[in-house]
Every structure is written in C-alpha cells, then in structure tokens.
Amino acid sequence: MPTVPELLAPAGSLAMAEAAIAYGADALYGGPPRYSLRARNNEFGDTARLAAAIAAAHAAGRRFYLVVNALPHNGKLKSFHTDLAPLIALGPDALIMADPGLIDLAREAWPDVPIHLSVQANTMNWASVRFWHKLGIARVILSRELSLDEIAEIRQRCPETELEVFIHGALCIAHSGRCLLSGYFNRRDANQGSCTNACRWEYTMHAGTADASGDPLPLDVPQGAPAAGEWLIEERERPGELMPIEEDEHGTYILNSKDLRAIEHVARLAAIGVDSLKIEGRTKSAYYAARVTQCYRRAIDDAAAGRPFDASLYATLDALASRGYTDGFYQRHHAAATQNYASGASAGGSSRYCGDVVNFDAARGLAEVAVKNRFAVGDRLEIVQPAGNRECRVERMEDSGGTTMRVAPGDGHRVWVALPADAVGALLARFEPAAETGNAPDLLPAAPDAR
C-alpha cells in the first residue's frame, strides 16, 4: 500500500498556523528568527505566540516541528542552550536542524527530542541518508535538486529513515538555499536568515568584455551576443555597477526561477513511500497557507483513495501570486519554459485576496470584513472555508456606521457585506472578479519581495 504522506505546512505566524490547521495540514513548521532562517516577517520571536501555535497544533491532534536550521558563527553557540531551552519546554514534536555542531549540542542537551535534517544540509543520495541515520537523525528532508527516480532509490535503500520533500513554494537560484547574492549585495547572509531575495530583483543584461586585470568593461554596442563572449548585469538600484556573469552549457541561473508546484506528483511520491510533503512559505500570508494547504490536502486524499488527480487544482493554485510554476527537478530535461527569464513580476491574476471575515451581525445579515484588497458591489466572492468553498455576489455593503457603500477601498478598511448566513464561519474570503463587470485588477503578491 502506498504511504499516505504527512502534509506539512508553513507557519510564520499564529494566524498562518491556525489557517493551515483548519484547512487540513497534518503538521506545521516554524521557529524563532535567530535560528530558523526567517529573520523577517516572523512573529515567533515572541515566545508566547510560538507557544500558542504549538498548543493549537497539539489541541487539533497535529504536530509542530521547531525550525533551528541556521548555519551559525561562533557567536551564536554561546547562547544556544539558553535560547533554546524555553522553546524545547513548549513541547515541539521535532527539531529541524542543519548544522552538525548544533545537532550535537541539541542531542547532548535534549536526547529525547527527534531531529529532522534540514534541506539546508543538501542531502542528495542514499549514502548520506544512511550516514545521518547512524547519527540518530529520525527524518531527512531531501535536497530539492532530486528527481522522482532518485528519491525512489533513496527510499528503497533507506527504509528505516523518514523522508520529506518539498512539494510547493519558492525555489532558490542556488543549491537548496546556499546562495551568496544577498550577502554580496547587502551583507545579509541567507544562511543566517537575512536573505533579501536578490535573485528576484530587476536586472538588465549588457554585452561586455574584460580588461587585462579581469575587471568588467561594457561594450559600446546594442544588446546582443557580445563579441568577447562576456555578459554583464546591472541591478536597478545600482546603476553603473556592472557585474560579470558566466554561462555554461546548461544556461545562466541568476534571474528568476519559477516557483515549485508539484501537485501532479503527489500520487507518485505517495507510491514511492515519502513520509512528508512540505509546503514552503513561512513569510507569506494566512490566506496563502489556507489556500495551498486546501489544494494539497485534496490531492493527498485523492491519491490515498485511488482517485485520479483533479486537474482543477491547477487553476486554484494559478490564482495565487507566484513567479509562474515548474515542477522543479522531479522530472528531468524540461524545455526552456521551465524558467522565467522574461519577467520578474508575479504570474497569475485571476483572483485576489479580498479580506478576512471577522464578525457577523445576524440582525443586519451582514458580515464584517477586514479588507485586504479593493472590491465592489457586483463583484463575485469565493468564500474559502474548511467545510467547502462557496461563491456569492456582493449585493450590499455598508460602513461601520451603516452608510451604504459601493466600494471597499483596500487594505486597512473594514466594511459590512451581505454574505450567506450559513457561510459566516469562513476564515477567509477570496476576490474573484466577475467577468460581466469587467473588473479584473492585477493579483497582488502574498509576500512582497524584500529589498
């Protein structure tokens, strides 16, 4: 029988954790900014919020894995036990770790807490999995750069070790996170949790050459194949600062990678026996956590029941902000369309996160919505809820004083909207523009690029 994989969802906030639990995650992962490679957009620097997220997971019968996967300098070792002890006391189900030194320190102090080896360790083969198993690692999160066949061989050769793979989310332009661009541009080390996402900035290509010392020199010619075979890039915020790049027979990998979406491979990964399918995105919104978790929950349940893959899940994920999608390295030798060289903008645009339903006034028959993006009377809403999604049209809208409104202007506003009474338990609402109104605004990213 195929394994029914665990669905592992990101939690960078308590709201994300609650949304992922409600929409079907079996387990969550998150951690403190100092050690978890998420120094920004991470509210779990507040131990009370982390405690609440772990408690919520356990109350729902789910698991919570504490991320401690930084690759630290000496300075962080001095306070490691002191910093981590109160977090271990919260009862996480495992630690996600990458650095051998920190792993050793953790095993000495807390020998009964399982350790999952982070993707940051770049585990690529069965011999490495076997090595880590001998050291007491309970689960290995495999590198993103593996094919389905390679994962299958690792599973066959290492049946005693739990395996986890990424199934959805951002792809690094470097080998599973080992990127130097952020450190080079901003002195913010990606391996310390301070990545500025430099791979997603706007660059211009220039033909160029190099002087006798190897320093880059632009060619005074239009863009095109450079005479000397050199290419230079210029970042938008650094005009005139030209940097050489190289290209091998496989291409150049410094521009935008598409995002990973491997939902069509869920059944194969279950058949292989992968134990956990992981969604990336701790810096994104609760809406993202809910929507993506809901899709992959459906795909896993269908695979477990022997039902065919539901291709409509593609459309739901397409509606979310992304760089466009690829299934990454799971299948080899994809066409050039696998990578997004043409644009740094988000793909999609068929829907917009409208806001959160936060209250309901039964006497008025109106739901209070904390607005995230503009919507108007006449637009169609999809009410996203764990029990099943509902669609309705906005027929009536009022402000908090009861004055009729036509438009909810955008983030920061609260409006009262007529919604079906039996749908007011919804946690989130998604805006999907009605074709007949002609109102089709651009999709806004769930988590804007850091600069």
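Let me begin by describing the structure that accompanies this report. (Residues numbered from 1 in each chain as written. Predicted model: local features only at pLDDT ≥ 70, side-chain atom pairs only at ≥ 80, totals over all residues. Heavy atoms only, no water.)

For the rest of this paragraph, the subject is the overall build of the protein chain. A tally of regular secondary structure across the protein chain gives 11 helices and 23 strands. In the protein chain, which comprises 451 residues, the share counted as buried stands at 51%. Counting only contacts in the protein chain whose residues sit at least 6 apart along the sequence, the fraction spanning at least 24 positions is 67%. Accessible surface for the protein chain amounts to roughly 20,000 Å². Of this, 51% is attributable to carbon and sulfur atoms. (Helix = DSSP H or I, 4+ residues; strand = E, 2+ residues; numbered from the N terminus. Buried < 20%, exposed > 50% of the residue type's maximum accessible area, 1.4 Å probe, protein only. Contact = heavy atoms within 4.5 Å. Areas by Shrake-Rupley, 256 points an atom, 1.4 Å probe, with all protein chains shown as cover.)

This part is about the pattern of salt bridges. As enumerated under the stated definition, the model contains 22 salt bridges in all. Here Asp302 ties to Arg298 by a salt bridge, and the two come within 3.0 Å at their closest N and O atoms. Separated by 4 residues within a single helix, Asp302 and Arg298 lie in helix 10 (residues 286-304), roughly one turn from each other. For Asp302, a relative accessible area of 5% gives the class buried. Through salt bridges with shared partners, one network takes in Glu6, Arg63, Arg139, Glu162, Glu164 and Lys278. (Salt bridge = Lys/Arg side-chain N within 4 Å of Asp/Glu carboxyl O.)

Helix 10 packs onto helix 1 (residues 14-22) with a crossing angle of 20° between their chain directions and a minimal axis gap of 8 Å. Relative to helix 10, the element helix 1 is oriented roughly parallel. In this structure, helix 1 meets helix 10 at a crossing whose hand is right-handed. Residue-level inspection shows Ala15, Met16, Ala19 and Ala20 of helix 1 in contact with helix 10, the latter providing Ala286, Ala289, Ala290 and Thr293. A breakdown of the residues in the contact of helix 1 with helix 10 according to their chemical character gives 7 nonpolar, 1 polar and no charged. (Axes fitted to C-alpha atoms, helices over the stretch in contact; angles between N-to-C directions. Parallel < 35°, antiparallel > 145°, perpendicular 65-115°, else oblique. Left-handed = near helix turned anticlockwise from the far one by under 90°. Nonpolar A, V, L, I, M, F, W, Y, C, P; charged D, E, K, R; others polar.)

Moving on to the nonpolar core. Leu28, Leu269 and Tyr296 are the most contacted members of the largest nonpolar core, which totals 78 residues. When residues of this core are assigned to their parent elements, the largest contribution, 7 residues, is made by helix 10. Apart from residues lying up to four places away in sequence, Tyr296 is in contact with Leu7, Ile167, His168, Arg261, Ala262, Ile263, Val266, Ile279 and Leu317. Of all hydrophobic cores here, the second largest spans 18 residues; its members include Ala367, Leu381, Met405 and Val415. (Core = buried A, V, L, I, M, F, W, Y, C linked by side-chain atoms within 4.5 Å.)

Glancing now at empty space enclosed by the protein. Per the counting criterion, the structure on display carries 2 cavities of 30 Å³ or more. Of the pockets and cavities examined, the second largest cavity occupies roughly 70 Å³. Among the residues making up the lining of the second largest cavity, the classes are represented as 8 nonpolar, 2 polar and 1 charged. (1 Å grid on protein atoms, 1.4 Å probe; cavity = no way out; pocket = protein on both sides within 12 Å on 5 of 7 lines; lining within 4 Å. Points joined across faces, edges and corners; volume = space filled by probe spheres on them.)

Turning next to the environment of Gly401. Here Gly401 is to be found in the loop between strand 20 (397-398) and strand 21 (407-408). In sequence terms Gly401 and Val415 are 14 residues apart; their C-alpha atoms lie 9.7 Å from each other.

Every regular strand shows the same layout, with side chains that alternate between the two sheet faces. Where strand 15 (residues 352-361) meets strand 16 (residues 366-371), 6 bridges bridge the pair, whose relative direction is antiparallel. Looking at the pairing, Phe360 lines up with Ala367 of strand 16. Linking strand 15 back to strand 16 in an antiparallel pair, the connection comprises 4 residues, with Gly365 at a positive phi of about 70°. (Pairing = 2+ DSSP bridges.)

Take the packing of helix 1 against helix 2 (residues 47-59) next. Geometry of a packed helix pair, given as the angle between the helix axes and the separation of the axes. At a closest axis distance of 9 Å, the pairing of helix 1 and helix 2 adopts a crossing angle of 5°. On the basis of the axis angle, helix 1 is roughly parallel to helix 2. Across from Leu14, Ala17 and Ile21 in helix 1, the residues of helix 2 making contact are Arg49, Ala52, Ala53, Ala56 and Ala57. For the contact of helix 1 with helix 2, the residue count by class is 7 nonpolar, no polar and 1 charged.

Turning our attention to the environment of Gly324. Residue position: Gly324 is located in the loop between helix 11 (312-318) and strand 14 (325-326). Here the alpha-carbon distance between Gly324 and Asp259, two residues 65 residues apart in the chain, equals 6.0 Å.

Time to look at unusual backbone geometry. Look at Asn122: it is not a glycine, yet its phi comes out positive at around 55°. Here Asn122 lies in the loop between strand 5 (115-117) and helix 6 (126-134). Residue classification places Asn122 among the buried positions, given a relative accessible area of 15%.

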